[in-house]
Amino acid sequence: MSWATSGGPGRITGDGAVTARAPAKVNVHLAVGPLRPDGFHELRTVYLAVSLFDTVTVRRGRGLSLAVTGEGRTAVGAGAVPTDRRNLVWQAAELLAEHAGVAPDAAIAIDKAIPAAAGLAGGSADAAAALVALDALWGTHATRGDLAGLAARLGSDVPFSLHGGVALGSGRGEQLSPVLARRRWDWVLGIAGEGLSTPAVYAELDRLRADGRVPAGTDLDPAEPVIAALRSGPVEALAAALANDLQAPALSLRPDLRRALRAPTAAGAVGALVSGSGPTVAALVEDADAAVRLAATLAGEGVYRTVRAVHGPVHGARLVG
Ligand code: C5P
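Residues numbered from 1 in each chain as written. Predicted model: local features only at pLDDT ≥ 70, side-chain atom pairs only at ≥ 80, totals over all residues. Heavy atoms only, no water.

Some thoughts on the sheet that holds strand 12 (residues 281–285)
Taken together, 4 strands build an open sheet; the order of strands is 11-12-9-13 and the sheet is antiparallel. Edge positions in the sheet fall to strand 11 (271–274) and strand 13 (306–312), since each has one partner strand and no second. Sheet twist, expressed as the mean angle between neighbouring strand axes with direction ignored, is 25 degrees. For strand 9 (residues 185–191) and strand 13, the ladder comprises 7 bridges, and the chain directions are antiparallel. Bridging across to strand 13, Asp186 finds its partner in His311. Across the sheet, helix 11 (residues 288–301) lies against strand 9, strand 12 and strand 13, angled at about 15 degrees from strand 9, the strand it touches most. (Pairing = 2+ DSSP bridges. Helix = DSSP H or I, 4+ residues; strand = E, 2+ residues; numbered from the N terminus. Axes fitted to C-alpha atoms, helices over the stretch in contact; angles between N-to-C directions. Contact = heavy atoms within 4.5 Å.)

Printed below as a string of structure tokens:
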């Protein structure tokens, strides 16, 4: 039975609104293989969902409309998040409607806490939350497997935004297997003022490899050290296993990131790396108190636009309210 017809546990409010939220992610391990004929790179990555959430609220409407609020809605230099078909949420709505054979009628509001173009999968989180919320609004009875299939068509990171927790991603990132993490991991995210384009960072990696300035990366290791470290700690083991092939091209495109990457360890973090295609820096710390202390120190240094203390793993996209 769908939430819409069951009257479910308070999912659809008096004004007919349904709300879902989905988390940001950090890639604690990101190995990039060769460029495939379809324009994507073969990946081996370990995703960790962290406690910074975007919220998507949907209501009945005529046709589709999109409104975006929240401090994550602009990436300085990259312009505001679009409110038309270019937005992944719009594409998610059309895809789910087509899958379910319903009219794509909804007024959608996105409240963005996850900054855009930051390497934190904010757009993917929005798309995953929209799938979950619209499934409930429209009573489409999509299974989790159906939603995962639609998510993979929307983008490489969208299946993980739906899944949450910790997962090993292969293929272009969309093929997931769950990874066990027995403890909570605390991080500080250092968010830059200006976003980075994911395709541009991948293209820069290809260029650096063609020039022989970074290893070719055809060998995709099974990420065992990082999976073992995530399972049971200690924090030093995870710090030693952090790796991201996109860090070199992100630094090449944005030399000022070097300082942003050095700052956390100089201020007491156990380890740090660029998150995904950047430019966000994810700094690993011992516990929640250390995260609060480091966040305060880094905010005082003014290296980043915004600093956030977060933890993971957290759940993937789900209904709230
Ligand atoms: O899947 P998504 O839309 O997030 O990918 C954005 C872009 O990032 C792709 O068009 C491609 O340029 C690059 N990418 C890639 N290999 C991947 C994932 C993304 O080259 N595995």
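Structural notes on the side chain of Thr19
Note on placement: Thr19 falls in strand 1 (residues 18–35). For Thr19, a relative accessible area of 17% gives the class buried. Looking at Thr19, its side chain comes within polar contact range of the side chain of Thr57, at 3.0 Å. Leaving out residues up to four positions away in the same chain, Thr19 has contacts with Thr55, Val56, Thr57, Arg318, Leu319 and Val320. (Buried < 20%, exposed > 50% of the residue type's maximum accessible area, 1.4 Å probe, protein only. Polar contact = N/O pair within 3.5 Å; in protein donor to acceptor, adjacent residues only side chain to side chain.)

Quick notes on the pairing of strand 9
A regular strand carries its side chains on alternate faces of the sheet. Most of strand 9 is tucked away, with 7 of its 7 residues classed as buried. Residues Trp185, Trp187, Leu189 and Ile191 of strand 9 are buried on one face, and the alternating residues Asp186, Val188 and Gly190, pointing to the opposite face, are buried as well. One ladder, built from 5 bridges, connects strand 9 with strand 12; its direction is antiparallel. Residue pairing for strand 12: Trp187 is matched across the bridge by Leu284.

Regarding the site of the ligand
Around the ligand, the neighbouring residues are Gly39, Phe40, His41, Leu43, Gly155, Ser156, Arg172, Thr198, Pro199 and Tyr202. A distance of 2.6 Å separates an oxygen atom of the ligand from a polar atom in the side chain of Ser156. For the ligand, whose accessible area on its own is 450 Å², the fraction buried by protein is 74%. Counting residues per element, the ones that place at least two in the shell around the ligand are strand 2 (41–59) and helix 6 (198–210). Sort the elements by how many residues they give to the shell around the ligand and helix 6 lands first, with 3 residues. (Near = heavy atom within 4 Å. Areas by Shrake-Rupley, 256 points an atom, 1.4 Å probe, with all protein chains shown as cover.)

Remarks on the packing of aromatic side chains
Per the counting criterion, the structure on display carries 1 aromatic pair. For the pair Tyr47 and Phe160, a centre-to-centre distance of 4.5 Å together with 10 degrees between the ring planes defines the contact as stacked. On the criterion of sequence distance, the pair formed by Tyr47 in strand 2 and Phe160 in helix 5 (residues 158–163) is long-range, its members being 113 residues apart. Here Tyr47 matches Phe160 in class, with each residue buried. Positioned above the aromatic ring of Phe53, the side-chain terminus of Arg21 is 3.7 Å from the ring centre. If you follow Arg183 out to its NZ or CZ, it ends over the ring of Trp185, 3.9 Å from the centre. (Phe/Tyr/Trp six-rings, centres within 6.5 Å; stacked < 30°, edge-to-face > 60°. Lys NZ or Arg CZ within 6 Å of the ring centre and 35° of its normal.)

With respect to the packing of helix 3 (residues 122–138) against helix 4 (residues 144–154)
Packing of helix 3 against helix 4 leaves a shortest axis separation of 11 Å and a crossing angle of 145 degrees. Helix 3 and helix 4 meet at a crossing whose hand is right-handed. Where helix 3 approaches helix 4, its residues Ala127, Leu131 and Val132 are matched on the opposing element by Arg144, Leu147, Leu150, Ala151 and Leu154. Split into classes, the residues belonging to the contact of helix 3 with helix 4 amount to 7 nonpolar, no polar and 1 charged. (Left-handed = near helix turned anticlockwise from the far one by under 90°. Nonpolar A, V, L, I, M, F, W, Y, C, P; charged D, E, K, R; others polar.)

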